[in-house]
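Examination of the molecular architecture
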Amino acid sequence: MTVTPAPALTVGFDLDMTLIDSRPGIHACYRALAERTGTFIDADLAVTRLGPPLAEELVNWFPAEEVAAMADLYREMYPSIAIAATPAMAGAREAMEAVRSVGGRTMVVTAKYEPNAKLHLDHLGIAPDVVVGDLWAEQKAAALRDYGAAVYVGDHVGDVLGARTAGALSVAVVTGPCDGDELRAAGADVVLDDLSAFPAWLAAYREAPRA
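As for the packing of aromatic side chains
This model, assessed by the stated rule, comprises 6 aromatic pairs. A centroid spacing of 5.6 Å and a plane angle of 65° characterise the contact between Phe 13 and Phe 198, whose relative ring orientation is edge-to-face. Within this pair, whereas Phe 13 is found in strand β1 (residues 10-13), its partner Phe 198 is found in helix α10 (residues 198-207), the two being separated by 185 residues in sequence. On the accessibility criterion, Phe 13 (0% relative accessible area) is buried. Between Tyr 74 and Tyr 78, the aromatic rings sit 5.6 Å apart at their centres with planes inclined by 45°, giving tilted as the arrangement. Placement of the pair is Tyr 74 and Tyr 78 together in helix α4 (residues 67-82), with a separation of 4 residues, close to one helical turn. Assigned by exposure class, Tyr 74 and Tyr 78 land together as buried.

Structural notes on the environment of Met 70
With respect to the helices and strands, the residue Met 70 is situated in helix α4. Its relative accessible area of 14% is what places Met 70 among the buried residues. Dropping the residues within four chain positions of it, Met 70 is found in contact with Leu 33, Thr 37, Leu 58 and Phe 62.

Points about helix α6 (residues 114-124)
Considered for burial, the residues of α6 that qualify are Asn 116, Ala 117, His 120, Leu 121 and Leu 124. Mapping the buried residues of α6 onto a view down its axis gives an arc of 140°, with all of them on the same face. Summarising the contacts, the buried residues of α6 are in contact with α4, α5 (92-101), β2 (105-109) and β3 (130-132). Of the residues flanking the end of α6, it is Gly 125, one or two places downstream, whose phi is positive at about 70°.

Calculation criteria
Position numbers for residues start from 1 in each chain and track the written sequence from start to end. The predicted nature of this model means local features are confined to residues of pLDDT at least 70 and side-chain atom pairs, given and counted, to a pLDDT of 80 or more, with totals for whole chains, interfaces and linings taken over all residues. Based on all heavy atoms of the structure, the side-chain values leave hydrogens and waters out of the count. Aromatic contacts are taken between Phe, Tyr and Trp rings whose centres are within 6.5 Å, Trp giving its six-membered ring; a plane angle under 30 degrees counts as stacked, one over 60 as edge-to-face, and the others as tilted. Helix and strand labels come from DSSP, where a helix needs a run of H or I of at least four residues and a strand needs a run of E of at least two; each type is numbered from the N terminus. Only protein chains enter the accessibility calculation, which uses a 1.4 Å probe; a residue is then buried when its area is under 20% of its type maximum, exposed when over 50%, and partly exposed in between. Pairs of residues are marked as contacts when any of their non-hydrogen atoms sit within 4.5 Å. Summarising the geometry, the arc corresponds to the directions from the helix axis toward the C-beta atoms.

Have a look at this one:
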């Protein structure tokens, strides 16, 4: 009898405020954009609501007809300003390694512009198997399904929505703009303080009967 091996566990991760603390870099980039355009942007406020696509923030500071051009300018400025200023979140590397240590695959699915997302990961030496950018909330489900992700880890209610739409287990961390109550109310299956708790959670998850 031929035994078909079980497919490798695939775990998806969000990027901003899940794997990386993007606040310093984004703050600096918004300030630079404000200086370049002569438009006031409250960078302190903007970095408290990271997660949604860039255009959803820029519309607060620029007329709607200028948002696309301002987004292009921001993305052009971003690599020289934001990449070096952005550290990994606590436990990020260990979480990725925990998946690999059990023969699993890792992917990053983020609303961030994909080339800039890859620059962050390369700079920090974090190497997922797959990176998919420019997807937000339920749009993330398409990428999660395409790669067979069983678990998706994020910090925002939009990440919970993406996981649930894909039929993946939603693991949430309270390192972003949403607190534990918000994440649970959105349907998160698991809420962790940060990614430092992820390896122990993953070990228990794999030992559970449902695994």
